[in-house]
Amino acid sequence: MATEILIPIADLFEAHLTVSDLDRAVAFYRGQLALPLAHIFPERKVAFFWVGAPGKAMLGLWEAGTMPMSISLHVAFQVALSDLHEALSRLQRAGIEPRDLAGLPTEEPVVLAWMPAASVYFRDPDNNLLEFITMLSDPPRPDLGVLPWSDWVHRTPSTA
């Protein structure tokens, strides 16, 4: 049975993360990631940032309070391949540990070969998992799983 499309979805416009301290989170996303601040609603304890050009996409940060448990969420930011490679050293200089998909420290991007896409992961001050991601023009190779960038380049010379 064919499913009727309710509304064709063109793109993702907005994502939200919970944070424990809105001021600290605003400082991180504004200062470390250089996202342009769209607006802060102090009475609601929420801040919105533009991702890319204003009007293209938004990230909302909502202060969750002081509960004894936390939630770790995930957001991926699309970047150029050259910037992805630069991200490792820039994150380290900012005191942020670049990580691979398993959460281990890394010195190179990983490739999700089923897409394929190259990624670098890191955590914000609230332990949310953030990712810089670049789609690659090579054909998907799901048989390769997730592998370090250097292994991907060795197996798919067209990427280099």
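On a predicted model such as this, the values are computed, not experimentally measured, just so you know.

A. Summary view of the sheet that holds strand 5 (residues 74-78). The five strands are arranged 5-8-7-6-9 in an open sheet whose pairing can be described as mixed. The sheet is open, and its two borders are formed by strand 5 and strand 9 (146-148), each paired with just one other strand. Across the sheet, the axes of successive neighbouring strands diverge by a mean angle of 35 degrees, strand direction being ignored. Direction of pairing for strand 6 (residues 110-112) relative to strand 7 (residues 117-123): antiparallel, over a ladder of three bridges. Counted as the bridge partner of Val 110 is Ser 119 from strand 7.

B. Fine view of helix 1 (residues 22-32). Buried residues of helix 1: Leu 22, Ala 25, Val 26, Phe 28 and Tyr 29, and no others. Along the axis of helix 1, the buried residues cluster in a sector spanning 160 degrees; they form a single face. Turned more than 90 degrees away from the buried face of helix 1 sit Asp 23 and Gly 31, all of them exposed. Against the buried residues of helix 1 lie strand 1 (14-19), strand 2 (37-41), strand 3 (46-50), strand 4 (58-63), strand 7 and strand 8 (129-135). Where helix 1 begins, one side-chain oxygen reaches toward the backbone nitrogen of Asp 23, 3.1 Å away; that side chain belongs to Asp 21. Immediately beyond the C-terminal end of helix 1, within one or two residues, lies Ala 34, with a positive phi of roughly 55 degrees.

C. A look at the pattern of salt bridges. Enumeration according to the criterion identifies five salt bridges in this entry. Residue Asp 11 is joined to Lys 56 by a salt bridge in which the shortest nitrogen-to-oxygen separation is 3.1 Å. Within this pair, whereas Asp 11 is found in the segment before strand 1, its partner Lys 56 is found in the loop between strand 3 and strand 4, the two being separated by 45 residues in sequence. By relative accessible area, which is 54% here, Asp 11 ends up exposed. When its relative accessible area of 48% is taken as the criterion, Lys 56 is described as partly exposed. A salt bridge links Arg 141 to Asp 143; its shortest N-O distance comes to 3.0 Å. Taking relative accessible area as the criterion, Arg 141 reaches 28% and is therefore assigned partly exposed. A relative accessible area of 58% places Asp 143 in the exposed class.

Cut-offs and rules
Residues numbered from 1 in each chain as written. Predicted model: local features only at pLDDT ≥ 70, side-chain atom pairs only at ≥ 80, totals over all residues. Heavy atoms only, no water. Pairing = 2+ DSSP bridges. Helix = DSSP H or I, 4+ residues; strand = E, 2+ residues; numbered from the N terminus. Axes fitted to C-alpha atoms, helices over the stretch in contact; angles between N-to-C directions. Buried < 20%, exposed > 50% of the residue type's maximum accessible area, 1.4 Å probe, protein only. Arc of directions from axis to C-beta. Contact = heavy atoms within 4.5 Å. Polar contact = N/O pair within 3.5 Å; in protein donor to acceptor, adjacent residues only side chain to side chain. Salt bridge = Lys/Arg side-chain N within 4 Å of Asp/Glu carboxyl O.

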